[in-house]
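Spelled out from the first residue to the last, the chains are:
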Amino acid sequence: MRLGLIAGNGRFPFLVLDAARRLGHDVTVIALKDETFPELADAAAQTPAAAFHWISLGQLGTCISLLKDAGVAQAVMAGQVKHTKIFDIKPDLTLLGVLMKLSSKNTDGIIGGVADALREKGIDLLDSTAFLAPLMARDGVLTRRAPTPDERADLEFGCRIADSVAGLDIGQTIVVKSAAVVAVEAMEGTDAVIARAGRLAGAGARVIKVAKPHQDMRFDVPVVGVSTIAAMSSAGATALSVDAGKTLMIDGDEIIKTADAADICIVGRSERRG
């Protein structure tokens, strides 16, 4: 099967490319200028070589044409695009048509509209984690250390707030301390909000990252990695809650080893709480 890979930044696209190749897929990569790591072009050139194309963020028509010309009927979006880029998009006519139909130009609205445009042209978006099931967060305590009673209370408090914030498509990460909200993610990203929380509240904060209430697994899924733990360690944060089955632990077991070394506990939440 010919698979399309629409790649943003980070390591996520590399993992999808590698997994798809191992499963025998021919891959066509569409990389976003100023977003996708340039090293992805080198990875695509390795045997078996994947077709590779650079496009600008607003060139939806070009993206669709490249995928159709390659015979792609299924595609995956992997990697992030900085949320602030919504203010800099220079849309082509295809994307302009999508934007004109939207009542809300938030992340979900724009990417959902793009997904609809792809489907109208015969290209179905798969879940972005379809090839990475072993890297999805498991249920329960994932680290050597379980949360203390105070940490558990903060995580339970934080999950209720984070669910509400994510439901409004504001952000998917919040940081709490002693049952007080210290920082809420907006467009700056997870590591930045953790650093801000450290400056505001000092050591002892807890980090909660959640999926949206009706998370579309085709795009914008929660991702944590070793860099998340490094940011927590620098900020003095001691515990992390992620949604089991909906959060990509992009560095696999290495994130657990790094958390154990930093005496940070990680908990996979099995279901939403009221």
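Structural data are supplied above this passage.
Definitions and limits used
- Residues numbered from 1 in each chain as written.
- Predicted model: local features only at pLDDT ≥ 70, side-chain atom pairs only at ≥ 80, totals over all residues.
- Heavy atoms only, no water.
- Helix = DSSP H or I, 4+ residues; strand = E, 2+ residues; numbered from the N terminus.
- Rg over C-alpha atoms; globule rule 2.2 N^0.38 Å.
- Buried < 20%, exposed > 50% of the residue type's maximum accessible area, 1.4 Å probe, protein only.
- Contact = heavy atoms within 4.5 Å.
- Areas by Shrake-Rupley, 256 points an atom, 1.4 Å probe, with all protein chains shown as cover.
- Lys, Arg positive; Asp, Glu negative; His and termini not counted.
- Charge placed at Lys NZ, Arg CZ, Asp CG, Glu CD.
- Pairing = 2+ DSSP bridges.
- Axes fitted to C-alpha atoms, helices over the stretch in contact; angles between N-to-C directions.
- Parallel < 35°, antiparallel > 145°, perpendicular 65-115°, else oblique.
- Left-handed = near helix turned anticlockwise from the far one by under 90°.
- Nonpolar A, V, L, I, M, F, W, Y, C, P; charged D, E, K, R; others polar.
- Polar contact = N/O pair within 3.5 Å; in protein donor to acceptor, adjacent residues only side chain to side chain.
- Core = buried A, V, L, I, M, F, W, Y, C linked by side-chain atoms within 4.5 Å.
- Arc of directions from axis to C-beta.

**Side note on the overall build of the chain**
Helix and strand content of the chain: nine helices and 13 strands. In terms of overall dimensions, the chain is globule-like: its C-alpha atoms have a radius of gyration of 19 Å, near the 19 Å expected for 274 residues. Principal axes of the C-alpha set define a box for the chain whose edges measure 55 × 40 × 30 Å. Relative to its full complement of 274 residues, the chain shows a buried share of 50%. Taking contacts inside the chain between residues at least 6 apart in sequence as the whole, the part at least 24 apart equals 76%. Of the roughly 12400 Å² that the chain leaves accessible, carbon and sulfur atoms contribute 54%. Computed over 30 positive and 33 negative side-chain charges, the inter-centroid distance for the chain is 1 Å.

**Observations regarding the sheet that holds strand 8 (residues 180-184)**
If you trace the six strands from one edge of the open sheet to the other, you get 6-13-11-9-7-8, paired in mixed fashion. Two strands close off the open sheet at either side, each with one partner strand: strand 6 (140-141) and strand 8. Two strands pair when backbone bridges link them, and strand 9 (residues 206-209) and strand 11 (residues 239-243) are joined in this way by three bridges, in the parallel orientation. If you follow Ile-208 over to strand 11, its bridge partner there is Ser-241.

**Some points on the packing of helix 4 (residues 93-101) against helix 5 (residues 107-120)**
Between helix 4 and helix 5, the shortest axis-to-axis distance is 9 Å and the interhelical angle comes to 125°. One element, helix 4, and the other, helix 5, form an angle in the oblique class. In the packing of helix 4 onto helix 5, the handedness of the crossing is right-handed. Counted together, Leu-95, Val-98, Leu-99 and Lys-101 of helix 4 and Ile-110, Gly-113, Val-114, Ala-117 and Glu-120 of helix 5 form the full contact between these two elements. Its residues assigned to classes, the contact of helix 4 with helix 5 shows six nonpolar, one polar and two charged.

**Describing the side chain of Thr-247**
Checked against the element boundaries, Thr-247 lands in the loop between strand 11 and strand 12 (248-249). A distance of 2.9 Å separates a polar side-chain atom of Thr-247 from the backbone oxygen of Asp-243. For Thr-247, the contacting residues outside a window of four places in its chain are Leu-135, Met-136, Ala-137, Pro-222, Val-224 and Val-242.

**A short note on the environment of Asp-127**
Relative to the helices and strands, Asp-127 is located in the loop between strand 5 (124-125) and strand 6. Accessibility expressed as a relative area gives 38% for Asp-127, which makes it partly exposed. Separated by 90 residues in the primary sequence, Asp-127 and Met-217 place their C-alpha atoms 5.0 Å from one another. With residues up to four places along the chain from it excluded, the contact list for Asp-127 reads Val-76, Met-217 and Arg-218.

**Some words on the sheet that holds strand 5**
Strand order in the open sheet formed by five strands is 3-2-1-4-5, and the pairing between neighbours is parallel. Pairing within the sheet leaves two strands with one partner each, and these edge strands are strand 3 (51-55) and strand 5. Two elements, strand 2 (residues 26-32) and strand 3, share five bridges in a ladder whose sense is parallel. The partner of Ala-31 across the bridge, within strand 3, is Trp-54. On top of the sheet, helix 1 (residues 12-22) reaches strand 1 (2-7), strand 2 and strand 4 (74-78); it is set at about 170° to strand 1, its chief contact.

**As for the pairing of strand 8**
As paired strands, strand 7 (residues 173-177) and strand 8 are joined by four bridges and run antiparallel to one another. Looking across to strand 8, one finds that Val-175 is bridged to Ala-183. With antiparallel pairing between neighbouring strands as the criterion, strand 7 and strand 8 make up a hairpin whose turn holds two residues, including Ser-178 at a positive phi of roughly 55°.

**Observations concerning the nonpolar core**
Phe-12, Val-16, Leu-17, Val-29 and Leu-132 are the most contacted members of the largest nonpolar core, which totals 26 residues. At the level of elements, strand 1, helix 1, strand 2, helix 2 (39-45) and strand 4 are the ones that each hand at least two residues to this core. The dominant element in this core, judged by the number of residues it contributes, is helix 1, at six residues. Among residues more than four places away in sequence, those in contact with Val-29 are Leu-5, Ala-7, Leu-17, Leu-40, Ala-50, Ala-51, Phe-52 and His-53. Judged by nonpolar contacts, the second largest core, of 24 residues, contains Val-182, Ala-183, Ile-194 and Ala-235.

**Observations concerning helix 8 (residues 226-235)**
Of the residues making up helix 8, those classed as buried are Thr-228, Ile-229, Ala-231, Met-232 and Ala-235. The arc that holds the buried residues of helix 8, viewed along the axis, is 160°, so those residues lie on one side. In this structure, the buried residues of helix 8 make contact with helix 7 (190-201), strand 9, strand 10 (223-224), strand 11, helix 9 (253-261) and strand 13 (265-269). Looking one or two residues past helix 8, Gly-236 carries a phi angle of roughly 80°, positive in sign.

Function cannot be inferred from these measures alone, as they are strictly geometric.
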